[in-house]
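Chain and residue survey
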Amino acid sequence: MSVHLHWFLPTGGDGRTLVDRHAYTDGGVKRSRIAPVSGVRAPDIDYLTQIAKAAEQLGFEAVLTPTGTWCEDAWLTTVALAQHTERLKFLVAFRPGVISPVLAAQMAATYQRITRGRLLLNVVTGGDSTEQRRFGDHLDHDRRYARTDEFLSVVRGVWSGQPFDFGGEHYQVEGGLTALPPDPLPEIFFGGSSAAAGPVAARHTDVYLTWGEPPEQVKQKIDWIRGLAEKEGRTVRFGIRLHTISRDSSADAWATANRLLDDLSPETVAAAQEALGRSESVGQQRMLALHGGSRDDLEISPNLWAGVGLVRGGAGTALVGSHSDVADRIEEYHALGVEHFVLSGYPHLEEAYWFGEGVIPDLAARGLLPRTPVSSLTRPAVGGAPLLVAGGR
């Protein structure tokens, strides 16, 4: 079982500090802001193309594109970026509750033909009712997962190429059809830590994603989902979502992490924690429990740092250390059964190079990758890593 490495596209903006994304009146989409913050990079197509090309050249298999109020649309952005890349796949995040499952199946089929098979799907059920209501979705947490269950049943049904009927609480489909099914079928990535999420993963998911918890907690999740999948007669693979701060020495990496903390005022952290604490997402509550809102003892497991989660929703932990340290931790998670690693770092362009030129060759030398990607570019000098607190993924 080889390691599959994926990077992240910051379609809500990028930067050099861990700043609450709501500090930007437009979510970082426009270059002009009422409350400008220095060092912010707008998520325009030119900058995102740089990241996508770097990820492809460095050997990442795919890039995750988030979904939400403060992000550019993932479908449109990535199909544009596909025209600037050759092999890179796009892990497109989308919300089942705001689109017809038959239309989604058709969009995926079209996307596969346009990109010659470079689509992966990240199904985001949604753990924040306030965010969901912005998109016209008024279901509660558990009913959203029940709807996702039906949604994925319909998507897989209409991908068969034959008329498909479905009658459920949330969807009623008569003769649903994708006339030209996608080839290959996109792999479906899905995450959720609640009791309502587990059965959905077991029935429909190709890759179950967890945020970056300590290894013992990740193992418990793997055992849970694997057991549920076995009852369904299915096999599910596993992935993990993490940030990285990888440097030539451990001291340099931790100095970068500490600098990110220095940029956060107590008021910024408190406001972010209050907002994140209202989330219905069990996964988000697990992320918050890792640090309890405190800057103390943020290394919650060897080389696993919870500082990002002080202000960022969703993935809140980072692998911090030398390239060898980070490779050690990836190998540790891999030994538990984690196959897909969806990574990011701030700024996303520079951190892609730190990881790609430092950690990827180490993983290849350990036999975890089929080959060592070779970059013809040199690593840029980096003084630190920025981040806009992009919600969700």
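What you are looking at is a predicted structure, and each value in this text was computed from that prediction instead of being measured.

A look at the overall build of the protein
Along the protein, the regular secondary structure elements total twelve helices and 15 strands. Burial status across the protein gives 59% buried among its 393 residues. When contacts within the protein are restricted to residue pairs at least 6 apart in sequence, those whose partners lie at least 24 apart make up 75%. Here the protein has roughly 15200 Å² of accessible surface; of this, 50% comes from carbon and sulfur atoms.

Considerations on the pairing of strand β5 (residues 119-123)
Among the five residues of β5, five are classified as buried, and the element is accordingly described as predominantly covered. Because side chains alternate across β5, one face comprises the buried residues L119, L121 and V123, and the other comprises L120 and N122, equally buried. Pairing between β5 and strand β8 (residues 188-191): three bridges, direction parallel. Its bridge partner being in β8, V123 is matched across the sheet by F190.

Here's the deal with the packing of helix α11 (residues 323-336) against helix α12 (residues 348-365)
Packing of α11 against α12 leaves a shortest axis separation of 9 Å and a crossing angle of 60 degrees. By the angle class used here, α11 and α12 are oblique. For the element pair α11 and α12, the recorded crossing hand is right-handed. Along its contact with α11, which presents H323, S324, V326, A327 and I330, the element α12 presents W354, F355, G358, V359, D362 and L363. Its residues placed into classes, the contact of α11 with α12 shows seven nonpolar, three polar and one charged.

Structural notes on the nonpolar core
Among the nonpolar cores identified, the biggest contains 74 residues, and L5, F90, I330, Y333, F341, F355 and L363 are the most heavily contacted of them. The dominant element in this core, judged by the number of residues it contributes, is α12, at eight residues. Ignoring anything within four residues of it in the chain, the contact list for L363 reads L5, A327, I330, F355, L368 and L369. Core analysis: the next-biggest nonpolar cluster, separate from the first, contains 22 residues, L290, L298, L310 and A315 among them.

Some details on helix α3 (residues 101-115)
With 15 residues, α3 extends 21 Å between its outermost C-alpha atoms, agreeing within 8% with the 21 Å of an ideal straight helix rising 1.5 Å per residue. Burial in α3 covers these residues: P101, A104, A105, A108, A109, Y111, Q112 and T115. Down the axis of α3, the smallest arc covering the buried residues is 160 degrees, so these residues share one side. Check the buried side of α3 and you find it contacts α2 (74-81), β4 (89-94), β5 and α5 (141-158). Looking at where α3 begins, the residue whose side-chain oxygen comes 3.2 Å from the main-chain nitrogen of V102 is S100. Positioned one or two residues after α3, R116 has a phi angle of 60 degrees, which is positive.

As for the pairing of β4
Taken across its six residues, β4 has five buried, putting it largely inside the fold. In this sheet, β4 lies alongside strand β3 (residues 62-65) in parallel orientation, the contact comprising four bridges. Considered in β4, the bridge of V63 is made with F90. As judged from the five bridges shared by β4 and β5, these two strands associate in the parallel manner. Across the sheet, residue V92 finds its bridge partner in β5, namely L121.

Concerning the confidence of the model for the protein
Averaged over every residue, the pLDDT of the protein is 89; residues scoring 70 or more account for 89%. Below pLDDT 50 for its whole length, residues 20-36 participates in 38 contacts with residues either more than four positions away or in separate chains.

What about the packing of aromatic side chains?
On inspection of all chains with the given rule, the structure shows nine aromatic pairs. Pairing F94 with F151 gives two aromatic rings, centres 5.9 Å apart and planes at 50 degrees, and the pair type is tilted. Of this pair, F94 sits in strand β4 while F151 sits in helix α5, placing them 57 residues apart in sequence. Take F94 and F151: they sit in the same class, and that class is buried. Ring plane angle 20 degrees and centroid distance 6.4 Å describe the contact between F164 and F166, whose orientation is recorded as stacked. Clustering of aromatic rings is evident, with ring pairs tying together W75, F94, Y111, F151 and Y171. Taking the ring centre of F8 as reference, the NZ or CZ of R312 above it sits at 5.9 Å.

Description of the packing of helix α7 (residues 215-231) against α11
Interaxial distance between α7 and α11 falls to 10 Å at its minimum, and their mutual angle equals 25 degrees. It follows that α7 is roughly parallel to α11 by the angle criterion. Along this stretch, α7 crosses α11, giving a crossing that reads as right-handed. On α11, the residues touching P215, V218, K219 and I222 of α7 are E332, Y333 and L336. Among the residues making up the contact of α7 with α11, the classes are represented as five nonpolar, no polar and two charged.

Side note on the environment of L185
The topology assignment puts L185 in the loop between β7 (172-176) and β8. Each C-alpha atom of the pair L185 and A109 lies 8.1 Å from the other, and the pair is 76 residues apart in sequence.

What to know about the side chain of S281
Here S281 shows up in the loop between α9 (266-276) and α10 (282-289). At 3.3 Å, the side chain of S281 forms a polar contact with the backbone nitrogen of G283. Only 3.0 Å separates the side chain of S281 from the backbone nitrogen of Q284, close enough to count as a polar contact. Excluding residues within four positions of it along the chain, S281 makes contact with G127 and W211.

Definitions and cut-offs
Residues numbered from 1 in each chain as written. Predicted model: local features only at pLDDT ≥ 70, side-chain atom pairs only at ≥ 80, totals over all residues. Heavy atoms only, no water. Helix = DSSP H or I, 4+ residues; strand = E, 2+ residues; numbered from the N terminus. Buried < 20%, exposed > 50% of the residue type's maximum accessible area, 1.4 Å probe, protein only. Contact = heavy atoms within 4.5 Å. Areas by Shrake-Rupley, 256 points an atom, 1.4 Å probe, with all protein chains shown as cover. Pairing = 2+ DSSP bridges. Axes fitted to C-alpha atoms, helices over the stretch in contact; angles between N-to-C directions. Parallel < 35°, antiparallel > 145°, perpendicular 65-115°, else oblique. Left-handed = near helix turned anticlockwise from the far one by under 90°. Nonpolar A, V, L, I, M, F, W, Y, C, P; charged D, E, K, R; others polar. Core = buried A, V, L, I, M, F, W, Y, C linked by side-chain atoms within 4.5 Å. Expected span 1.5 Å × (residues − 1). Arc of directions from axis to C-beta. Polar contact = N/O pair within 3.5 Å; in protein donor to acceptor, adjacent residues only side chain to side chain. pLDDT = per-residue confidence, 0-100. Phe/Tyr/Trp six-rings, centres within 6.5 Å; stacked < 30°, edge-to-face > 60°. Lys NZ or Arg CZ within 6 Å of the ring centre and 35° of its normal.

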